[in-house]
Amino acid sequence: MRHKKTFTLTIMIATVAIMSSFMSKQEPKPKYTNLKVLPKNISKEELDNVMDGFKAALGVKCNFCHAPRKDDAKKLDFASDEKQHKLIAREMMKMTAKINKKYFHRKDKEGKMTNISCMSCHNGKEEPQTIKL
């Protein structure tokens, strides 16, 4: 009887150990450096959405704002402030946030919040185009 309990307990412990090795491990939340406008605790998904928005609004790729890494030119150094476009993007983010806060803080008749974004001026182009009237 005692051997049966010991055997059962051993099987249960082994099962738990084996099952835990197959369970997906929680990846540590990425720690981003040199965030000056975006929140320091931004999630990967939120950051990717912001960056995808920039790419669509300006019709560019990541290397438009991000410099290549010194140790591997095929990869980007996302923390680097080497490229002027990244510095300009930060100022544009501050500007649009300020404009939206001051002028676009009320919902319209349909209950939608109107605001400006990169797309408002850039329309898929690297440089905003002035429309001649």
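To start, this report covers the structure provided alongside it. Note that this is a predicted model, so its numbers are computed, not measured.

1. Focus: the overall build of the protein
Helix and strand counts for the protein stand at four helices and two strands. Overall, the protein shows an N-to-C arrangement of helices and strands of α-α-β-β-α-α. Restricting the contact set of the protein to residue pairs at least 6 apart, pairs at least 24 apart contribute 32%. On the protein, roughly 11,600 Å² of surface is accessible, and the fraction owed to carbon and sulfur atoms is 60%.

2. Here's the deal with unusual backbone geometry
Keep in mind that most residues, glycine aside, have a negative phi and that most peptide bonds are trans. The phi dihedral of Asn34 is positive, around 65°, even though this residue is not glycine. Counting through the fold element by element, Asn34 comes out in the loop between helix H1 (2–22) and helix H2 (44–58). The class of Asn34 is partly exposed, set by a relative accessible area of 25%. Phi angles above zero are rare outside glycine, and Asn123 is one such case at about 50°. Positionally, Asn123 belongs in the segment after helix H4 (118–122).

3. Points about the environment of Lys55
Looking at the element boundaries, Lys55 is found in helix H2. Considered as a pair, Lys55 and Met119 are 64 residues apart in the sequence and their alpha carbons are 10.0 Å apart. Of note is the side chain of Lys55, whose polar atom sits 3.2 Å from the side chain of Asp52.

4. Brief notes about a nonpolar patch on the surface
A contiguous nonpolar patch, built from Ile88, Met92 and Met95 and spanning about 240 Å² of accessible area, is present on the exposed surface. One can find Met95 in helix H3 (residues 84–103). Overall, the relative accessible area of 37% leaves Met95 in the partly exposed class.

5. Observations regarding the environment of Cys62
By the element assignment, Cys62 lies in the loop between H2 and strand E1 (67–68). Judged by relative accessible area, Cys62 falls into the partly exposed class, the value being 32%. Sequence separation between Cys62 and Met51 is 11 residues, and the spatial gap between their C-alpha atoms is 7.9 Å. If sequence neighbours within four positions are ignored, Cys62 has contacts with Lys55 and Leu76.

6. Side note on the nonpolar core
With six residues, the main nonpolar core is built from Leu35, Leu38, Ile42, Leu47, Phe54 and Met93. In this view, Phe54 contacts Gly59, Val60, Met93 and Cys118; residues no more than four positions away in its chain are not counted. Within the second largest apolar cluster, five residues are counted, among which are Ala57, Leu58, Val60 and Phe64.

Parameters and conventions
- For every chain, the first residue of its written sequence is number 1, and the numbers climb from 1 along that sequence.
- With the structure being a predicted model, the display of local features is reserved for residues of pLDDT at least 70 and the display and counting of side-chain atom pairs for 80 or more, all residues being used for whole-chain, interface and lining totals.
- Side-chain measures were taken over the full set of non-hydrogen atoms in the model, leaving aside hydrogen atoms and water.
- Helix and strand assignments follow DSSP, with helices taken as H or I runs no shorter than four residues and strands as E runs no shorter than two, numbered in order from the N terminus.
- Contacts were defined at the residue level, with two residues in contact if any of their heavy atoms lie within 4.5 Å.
- For the area figures, the Shrake-Rupley method with a 1.4 Å probe applies, and any residue is considered shielded solely by the protein chains shown.
- Between buried and exposed lies partly exposed: a residue is buried under 20% and exposed over 50% of the maximum accessible area for its type, with that area taken using a 1.4 Å probe on protein chains only.
- Polar contacts here mean pairs of N or O atoms no more than 3.5 Å apart (in protein, one a potential hydrogen donor and the other a potential acceptor; neighbouring residues in sequence count only if both atoms are side-chain atoms).
- Only residues above 30% relative accessible area that lack a salt bridge enter a patch, with like-charged residues linked at up to 9 Å and the nonpolar side chains Val, Leu, Ile, Met, Phe, Trp and Tyr linked at up to 5 Å.
- Here a salt bridge means any side-chain nitrogen of Lys or Arg lying within 4 Å of a carboxyl oxygen belonging to Asp or Glu.
- Put simply, a nonpolar core is a bunch of buried Ala, Val, Leu, Ile, Met, Phe, Trp, Tyr and Cys residues held in one set by side-chain atoms that sit within 4.5 Å of each other.

It is worth stressing that arrangement in space is one thing and function is another; only the former is reported here.
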